[in-house]
Each structure stands twice: as C-alpha cells, then as structure tokens.
Amino acid sequence: MPLTLWNDFFDRFTVGLSAVDPITFLAAWDLEEARTTVYRGILKGVADGMGLAFKREHCRIDFMLGSAHPVDRDAPGAFVPVIAVESENEAMDAHNEVNYLHALTAPVKVLITCALWTREGRAQWEPQRLLAHWRAIRQAHVAAVPQRPDDVFAVIVGEKAQNGRSVRFFLEMLSDPAGSTSGTAFATVSLPA
C-alpha cells in the first residue's frame, strides 16, 4: 500500500507543480511563507484528486492527507493520516522534520525543501552529506522500533537555477526503494524574466 499511495501522490504532485502559474511561483519562491502557500494549494489538489481529506498543522505536521472515520454518533471522529508532508525552507535545518515524520505511522512521508542541490553553495551542507544524515535518522527510528510498518519516505528538493529563470525539483528517497534521480530533475517550473 505505501508504494501505491506514494506513486499516486507523486504523479499528482508533479502535475500540480506544472499547473502553478509561473508568475505566482516567481513571486513566492524567495518568500518562505508564500512558497509554503503554493505547496499548500498543490497538496490540497492532490488530496482532492486522491479522494482524501486535507488538514493543515495536524499533530504539528504541516500537511496531512487522510480520511475521517466516525467513531461514535455523538462524538468527534478520528482523522487517519496516510500521507504526512513537512515543508522546510532550509534543507540544513530539516533534521527536525525528518524526526517528526518518522514519529508517525502514516505510510507515506514527504519532506519538501529547497537547496542548492546540483551546485555548490557556501553556507550549505553537500547534498550527499544531508542525505546521509537524514538516512541515519531513519535508521535510528527503524532500529528502535523494528516492528514498525513499511513506509515510503521521500524528499522533494526545489532548486532555483543560477540564471533565475526556472526552479527544478529533484527526488530523493530515504526509504526503499532508496536512491535518487541521479541529479535529474523530475519537474521544472519556468519563471518569467
């Protein structure tokens, strides 16, 4: 189930990225709150397309996609998340979000962040070092609770091109199937000059 959910989510997220108006994306990219608002709109559309409910700031997680389940006629029901998404504007600070997401039973966990992913930046850890750190956090969680259900943990990284004319998105997997897209962007949003 996690891999099927992930594939559906990823396909819909990719379509959602391409549907964002480039002018909106340009205006939002350099403003952290505005960028998160763009992701919120995409994720709301993903949830609707998957027939899932959408919640913001549920269990201190930025976005949850799941379903509501009645438990008693006269009492509030349960919201069961199946996809948990954290948006962190600074990749170097995302270790907290990786920990938060691992604390959940949602079968799909997604971290969305931005960084200089394919080129060097002075104030940034190298992507391989960040990935190794995040994978080590994952391994600590798996080792501590070996009976935990299988899940998919993906990282989506946005990188603004040096010329400022596009934002490219890369996919990295912290879970099986572990790996990356080998420096190949899965989506590119062209920005107006």
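A. Geometry of the overall build of the protein chain. A count of helical and extended segments in the protein chain gives five helices and eight strands. Element order for the protein chain, N to C, with α for helix and β for strand: α-α-α-β-β-β-α-β-α-β-β-β-β. Taking 193 residues into account, the globule formula puts the C-alpha radius of gyration at 16 Å, and the protein chain, at 17 Å, falls close to it. Considering only C-alpha atoms, the protein chain reaches an extent of 55 × 35 × 25 Å along its principal axes. Considering only residue pairs separated by 6 or more positions, the protein chain has 56% of its internal contacts joining residues 24 or more positions apart. Element-wise, carbon and sulfur atoms account for 52% of the exposed surface of the protein chain, whose accessible area totals about 10,000 Å². In the protein chain, which carries 18 positive and 23 negative side-chain charges, the distance between the mean positions of the two groups comes to 2 Å.

B. Spotlight on helix H2 (residues 22-29). Three or more residues of H2 are buried, namely Phe25, Ala28 and Trp29. End-on view of H2: buried residues confined to an arc of 95 degrees, all on one side of the axis. Within H2, the exposed residues directed more than 90 degrees away from the buried face are Ile23 and Ala27.

C. Spatial organisation of the pairing of strand E6 (residues 166-173). Across the eight residues that make up E6, a large majority, seven, are buried. Sheet topology places strand E5 (residues 152-160) next to E6; seven bridges connect them, and they run antiparallel. Bridged to Lys160 within E6 is Val167. The hairpin turn running from E5 into E6, its antiparallel successor, is five residues long, and Gly164 in that turn takes a positive phi close to 75 degrees.

D. Fine view of the packing of aromatic side chains. Tallied over the entire structure, the rule returns 10 aromatic pairs. Taken together, a centroid distance of 5.8 Å and an interplanar angle of 15 degrees make the contact between Phe9 and Phe13 stacked. Pair noted here: Phe9 and Phe13 are both in helix H1 (residues 2-19), with a separation of four residues, about one helical turn. With respect to class, Phe9 is no different from Phe13; both count as buried.

E. Spatial organisation of the packing of H1 against helix H3 (residues 32-50). Direction vectors running N to C along H1 and H3 enclose 130 degrees, while the axes themselves pass 9 Å from each other. Classed by the angle they form, the pair H1 and H3 counts as oblique. The hand of the H1/H3 crossing is right-handed. For the pair formed by H1 and H3, the contact residues are Leu5, Asp8, Phe9, Arg12, Phe13, Gly16 and Leu17 on the first element and Tyr39, Ile42, Leu43, Val46, Gly49 and Met50 on the second. Residue composition of the contact of H1 with H3, grouped by class: nine nonpolar, two polar and two charged.

F. Region of the structure containing the side chain of Asn89. By secondary structure assignment, the location of Asn89 is in the loop between strand E3 (78-88) and helix H4 (95-102). Classification of Asn89 as buried rests on a relative accessible area of 12%. A distance of 2.5 Å separates the side chain of Asn89 from the side chain of Arg35, its partner in a polar contact. Once you skip the residues sitting within four places of it in the chain, Asn89 turns out to touch Glu32, Arg35, Thr36, Thr113 and Cys114.

G. The arrangement of the packing of H2 against H3 in detail. Taken N-terminus to C-terminus, the directions of H2 and H3 make an angle of 140 degrees; their axes are 7 Å apart at the nearest point. Taken as axis vectors, H2 and H3 run oblique relative to one another. Contacts between H2 and H3 pair Thr24, Phe25, Ala28 and Trp29 from the former with Ala34, Arg35, Val38 and Tyr39 from the latter. Classifying every residue of the contact of H2 with H3 gives six nonpolar, one polar and one charged.

The rules behind these values
Residues numbered from 1 in each chain as written. Predicted model: local features only at pLDDT ≥ 70, side-chain atom pairs only at ≥ 80, totals over all residues. Heavy atoms only, no water. Helix = DSSP H or I, 4+ residues; strand = E, 2+ residues; numbered from the N terminus. Rg over C-alpha atoms; globule rule 2.2 N^0.38 Å. Contact = heavy atoms within 4.5 Å. Areas by Shrake-Rupley, 256 points an atom, 1.4 Å probe, with all protein chains shown as cover. Lys, Arg positive; Asp, Glu negative; His and termini not counted. Charge placed at Lys NZ, Arg CZ, Asp CG, Glu CD. Buried < 20%, exposed > 50% of the residue type's maximum accessible area, 1.4 Å probe, protein only. Arc of directions from axis to C-beta. Pairing = 2+ DSSP bridges. Phe/Tyr/Trp six-rings, centres within 6.5 Å; stacked < 30°, edge-to-face > 60°. Axes fitted to C-alpha atoms, helices over the stretch in contact; angles between N-to-C directions. Parallel < 35°, antiparallel > 145°, perpendicular 65-115°, else oblique. Left-handed = near helix turned anticlockwise from the far one by under 90°. Nonpolar A, V, L, I, M, F, W, Y, C, P; charged D, E, K, R; others polar. Polar contact = N/O pair within 3.5 Å; in protein donor to acceptor, adjacent residues only side chain to side chain.

On their own, these measurements won't tell you what the molecule is for.
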